[in-house]
Amino acid sequence: MKEQIIELIMTAAKLDRETVAGILEIPPKADMGDYAFPCFQLAKTLRKAPPAIAADIAAKIGDVDIIDKLEVKGAYLNFFLKKEMFVKSMLERADTANFGSSAAGKGKTICIDYSSPNVAKNFHVGHLRTTIIGNSLYKIYSKLGYHVERINHLGDWGTQFGKLIVAYKAWGSREAVEENGVAELMRLYVKFHEEADKNDALNDEARAWFTKMEHGNEEALEIWRWFVDISLKEYKGTYELLGMEFDHYTGESFYRDKTAAVIEKLQNANLLEESEGARIVDLEEYNMAPCLIMKKDGSSIYATRDLAAVYYRKETYDFEKCLYVTGQEQKLHFAQVFKVMELLGNDWAKDSLVHIPYGLVSLEGAKLSTRSGNIIYAEDILLEAIDKVKKTIEEKNPNLEDKDEVAKIVGVGAILFHDLYNQRIKDVSFKWDKVLNFDGETGPYVQYTYVRCASILRAVSYDENADINCGLLLDDEAVALLKEINRFPQVVMDAAEKYEPSVVARFAMDVAQSFSRFYNACRVNVEDTDLRNARVKLVALTKNTLKDALDLLGIQCPEQM
Ligand code: ARG
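What you see is a predicted model; the values in this text were computed from it and never measured.

Okay, the site of the ligand next. Neighbouring the ligand are Asp 113, Ser 116, Asn 118, His 127, His 153, Tyr 302, Asp 306, Tyr 324, Thr 326, Gln 330 and Phe 334. Take Asn 118: an N or O atom from its side chain is 2.7 Å from a nitrogen atom of the ligand. One of the side-chain nitrogen or oxygen atoms of Tyr 302 is found 2.7 Å away from a nitrogen atom of the ligand. For the ligand, whose unbound accessible area comes to 350 Å², protein coverage reaches 90%. When grouped by side-chain class, the residues that make up the shell around the ligand number three nonpolar, six polar and two charged.

Next comes the structure, spelled out in structure tokens:
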């Protein structure tokens, strides 16, 4: 219907499509009409006052069958559409299997670099955020037809492994590592630092071991590989709980034989400078600290491997964009890497490489970080959520089937929803009663709305293929719900454009709340068959839309709870 209005205005005002489409808007309040055409911008070209322009267009459009009322209000021309036709067009739009998806990204590839925990360290709640946000962006871009490569850029290379080898040899044992996994590796790492504070020679030893690794020493690589395997096994347990997967586990070590080519490129471009024995790219001109490329002892670093990774991904996947989801504290690192790529003559780097930062996580106010010793494992948070939900189920619905499965879907969903409900840059604070509140703005509330829809559809008899009489869906609450649902395609596009899953989470909440108002106002299981079929249609649409929206957040829906 928007198209039809655009055409009416084009003809009446003799304007091109682009101008009209750019100006036409959906007003913030229903009493301002279904569409509004503000005429401010046109005043200059048409040399007329905006209200006169609006009146003029209104007169030229005249009586049209899709329009109930045309109203000139100041500079605005407000369109009130015939409700019934509006409802009909909304229904047609929303009642398709692939509602919300599009072909916008057909033939294009997006790389998403996310999660990427650091081997031999625990998978903590900070990494939970990148994992949840990255996974949601993967779903959102896939919905728009993009091909997405999910890349886990594990922190599995660097001087810390030299330290770990030294510590393992001095204070560790095979049995302890086998038995306690990452926790033992972390213990060894801490032990190393305690000892190295007293004895600096240990640092030299650690550097020597990392150099051995970089030169392919088998003994060193064997221990390192073992540490990686042990860590990965633990991380995969967390991913399984979350129901998430990756296409590539190409961590930093994957690029160790690819950094020499980067250094050569930098040399050829005359970008490398020496500074206190190390090699850097000076970025002063761009108001940034220098980008460190090679340490004094010749070892490569984080940034070098990231530069190699950009080249590798561009050549291998030919991405349109490569997104990096990490905490804000890596803002400078990515700005440096992207700038160096640009200076190397890669003009595409400017628009294609995007850092997607997010805020900190705290638990009931306490900051969670490995340094403060207050280490919270992501897995523990997830398990605790599942456990709490299980208790609620035992209390309120002890006869529920598949209790464990439902507790998992609701518990994990609660954490995900809570994480994604606010703009990603905002800090997240966990308060259990807030995360799991079934009446609040939470994942369980949206899931519960879905379950209500499912149970209505089970309880009411209706004809799925009946022609819907749109004249029966004109209650304010029904129209409001349909309007809400209809935003879905735009919501998916907005979320992708802003790299912001919260847009989808807010939408899911709006639909759930709007459904609740509809359900309170309009009985579904009524005598009249036509009215019943029409209202059931809305319930079914709500159910599908909630499922699709939650799926974009990585959240599943139980059929009962
Ligand atoms: N391992 C890093 C960390 O935990 C994140 C890696 C992000 N990706 C990248 N290409 N640098 O902080």
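This paragraph deals with the sheet that holds strand β10 (residues 353-358). Judged by pairing direction, the sheet is parallel, and its four strands sit side by side in the order β5-β4-β9-β10 without closing on themselves. The open sheet has two edge strands with one neighbour each: β5 (147-151) and β10. Neighbour-to-neighbour, the strand axes of this sheet turn through a mean angle of 20°, independent of strand direction. Relative to strand β9 (residues 321-327), strand β4 (residues 109-113) runs parallel, the two sharing four bridges. Within β9, the residue paired with Ile 112 across the bridge is Leu 323.

What follows deals with the sheet that holds strand β2 (residues 67-73). A sheet is described by the order of its strands in space; here three strands give the open sequence β1-β3-β2, paired in antiparallel fashion. Both outer strands of the open sheet, β1 (35-38) and β2, are each paired with one neighbouring strand and no more. Adjacent strand axes in the sheet meet at a mean angle of 15° when their direction is disregarded. Here β2 runs beside strand β3 (residues 76-81); their pairing, made up of six bridges, is antiparallel. Across the sheet, residue Lys 69 finds its bridge partner in β3, namely Phe 80.

Attention shifts here to the pattern of salt bridges. Enumeration over the complete set of coordinates arrives at 30 salt bridges. A salt bridge links Asp 404 to Lys 390; the nearest nitrogen and oxygen atoms lie 3.0 Å apart. Highlighted residues: Asp 404 in helix α16 (residues 403-420) and Lys 390 in helix α15 (residues 378-396), separated in sequence by 14 residues. Taken together, the salt bridges that share partners define one network made up of Glu 3, Glu 7 and Arg 17.

Turning our attention to the state of the cysteines. Summed over the entire model, instances satisfying the criterion amount to zero disulfides. The thiol of Cys 453 is unpaired, and the distance to the nearest cysteine sulfur, on Cys 557, comes to 9.8 Å. Cys 470 takes part in no disulfide bond, and the closest cysteine sulfur to it belongs to Cys 522, at a distance of 15 Å.

With that out of the way, let us pick up the packing of α16 against helix α18 (residues 443-459). Direction vectors running N to C along α16 and α18 enclose 125°, while the axes themselves pass 8 Å from each other. When the interaxial angle is binned, α16 and α18 end up oblique. Each of Ile 409, Val 410, Gly 413, Ala 414 and Phe 417 in α16 lies in contact with α18, whose residues at this interface are Gly 443, Pro 444, Val 446 and Gln 447. Partitioning the contact of α16 with α18 into residue classes produces six nonpolar, three polar and no charged.

Residues apart from glycine generally show negative phi values, whereas peptide bonds are mostly found in trans. The backbone phi angle of Ala 120 is positive, close to 75°, even though this residue is not glycine. Relative to the helices and strands, Ala 120 is located in the loop between β4 and α6 (125-143). Backbone geometry at Asp 318 places phi at a positive 45°, although glycine is not the residue there. Residue classification places Asp 318 among the exposed residues on the basis of a relative accessible area of 56%.

Turning our attention to the environment of Thr 542. By the element assignment, Thr 542 lies in helix α22 (residues 529-552). It is 9.0 Å that separates the C-alpha atoms of Thr 542 and Thr 449, two residues lying 93 residues apart in sequence. When sequence neighbours within four positions are dropped, the list of residues in contact with Thr 542 reads Cys 453, Leu 481, Ile 485, Val 511 and Phe 515. In terms of polar contacts, Thr 542 uses its side chain to reach the backbone carbonyl oxygen of Leu 538, at 2.7 Å.

Attention now moves to the pairing of strand β7 (residues 278-281). For strand β6 (residues 272-275) and β7, the ladder comprises four bridges, and the chain directions are antiparallel. By the bridge assignment for β7, Glu 274 is matched with Arg 279. In sequence, β6 turns back onto β7 through a hairpin of two residues, with Glu 276 there showing a positive phi of about 50°.

Scanning all chains against the criterion turns up 26 aromatic pairs. Note on Phe 319 and Trp 348: the rings are 5.9 Å apart at their centroids and 80° apart in plane angle, and the pair reads as edge-to-face. Of this pair, Phe 319 sits in the loop between α12 (302-317) and β9 while Trp 348 is found in the loop between α13 (331-343) and α14 (349-352), placing the two residues 29 residues apart along the sequence. Trp 348 sits in the partly exposed class, given a relative accessible area of 25%. Between Phe 515 and Phe 518 the ring centres are 6.1 Å apart and the planes differ by 55°, which places this aromatic pair in the tilted class. Of this pair, Phe 515 and Phe 518 both sit in helix α21 (residues 502-521), separated by three residues, roughly a single helical turn. The two residues Phe 515 and Phe 518 agree in class, both being buried. Clustering of aromatic rings is evident, with ring pairs tying together Tyr 114, Phe 123, Tyr 235, Tyr 239, Phe 246 and Tyr 249. The aromatic ring of Trp 226 is capped on one face by Arg 174, whose charged end is 4.1 Å from the ring centroid.

On to α22, then. The periodicity of an α-helix, 3.6 residues per turn, causes residues three or four positions apart to be oriented the same way. Between its first and last C-alpha, α22 extends 35 Å over 24 residues, near the 34 Å set by a 1.5 Å rise per residue. For α22, the side-chain oxygen to backbone nitrogen distance between the N-cap and Asp 530 is 3.0 Å, and the N-cap itself is Asp 528.

Another point: the side chain of Glu 252. Along the chain, Glu 252 turns up in the loop between α10 (218-242) and α11 (259-268). When neighbours within four sequence positions are excluded, Glu 252 is seen to be in contact with His 153, Leu 154, Gly 155, Asp 156, Trp 157, Tyr 302 and Arg 305.

Once that is clear, we can look at helix α7 (residues 159-171). Under the 1.5 Å per step criterion, the end-to-end length of α7 is 18 Å for 13 residues, consistent within 8% with the ideal 18 Å. All of the buried residues in α7 are Phe 161, Gly 162, Lys 163, Leu 164, Ile 165, Val 166, Ala 167 and Tyr 168. Those residues of α7 that are buried are in contact with α8 (174-198), α9 (201-214) and α10.

This part covers the side chain of Arg 129. Relative to the helices and strands, Arg 129 resides in helix α6. A distance of 3.2 Å separates a polar atom in the side chain of Arg 129 from the backbone oxygen of Lys 426. Residues contacting Arg 129, with those up to four places away along its chain left out, are Tyr 358, Gly 359, Val 361, Asp 419, Arg 424, Lys 426 and Val 428.

Conventions and cut-offs
- Residues numbered from 1 in each chain as written.
- Predicted model: local features only at pLDDT ≥ 70, side-chain atom pairs only at ≥ 80, totals over all residues.
- Heavy atoms only, no water.
- Near = heavy atom within 4 Å.
- Polar contact = N/O pair within 3.5 Å; in protein donor to acceptor, adjacent residues only side chain to side chain.
- Areas by Shrake-Rupley, 256 points an atom, 1.4 Å probe, with all protein chains shown as cover.
- Nonpolar A, V, L, I, M, F, W, Y, C, P; charged D, E, K, R; others polar.
- Pairing = 2+ DSSP bridges.
- Helix = DSSP H or I, 4+ residues; strand = E, 2+ residues; numbered from the N terminus.
- Axes fitted to C-alpha atoms, helices over the stretch in contact; angles between N-to-C directions.
- Salt bridge = Lys/Arg side-chain N within 4 Å of Asp/Glu carboxyl O.
- Disulfide = S-S within 2.5 Å.
- Parallel < 35°, antiparallel > 145°, perpendicular 65-115°, else oblique.
- Contact = heavy atoms within 4.5 Å.
- Buried < 20%, exposed > 50% of the residue type's maximum accessible area, 1.4 Å probe, protein only.
- Phe/Tyr/Trp six-rings, centres within 6.5 Å; stacked < 30°, edge-to-face > 60°.
- Lys NZ or Arg CZ within 6 Å of the ring centre and 35° of its normal.
- Expected span 1.5 Å × (residues − 1).

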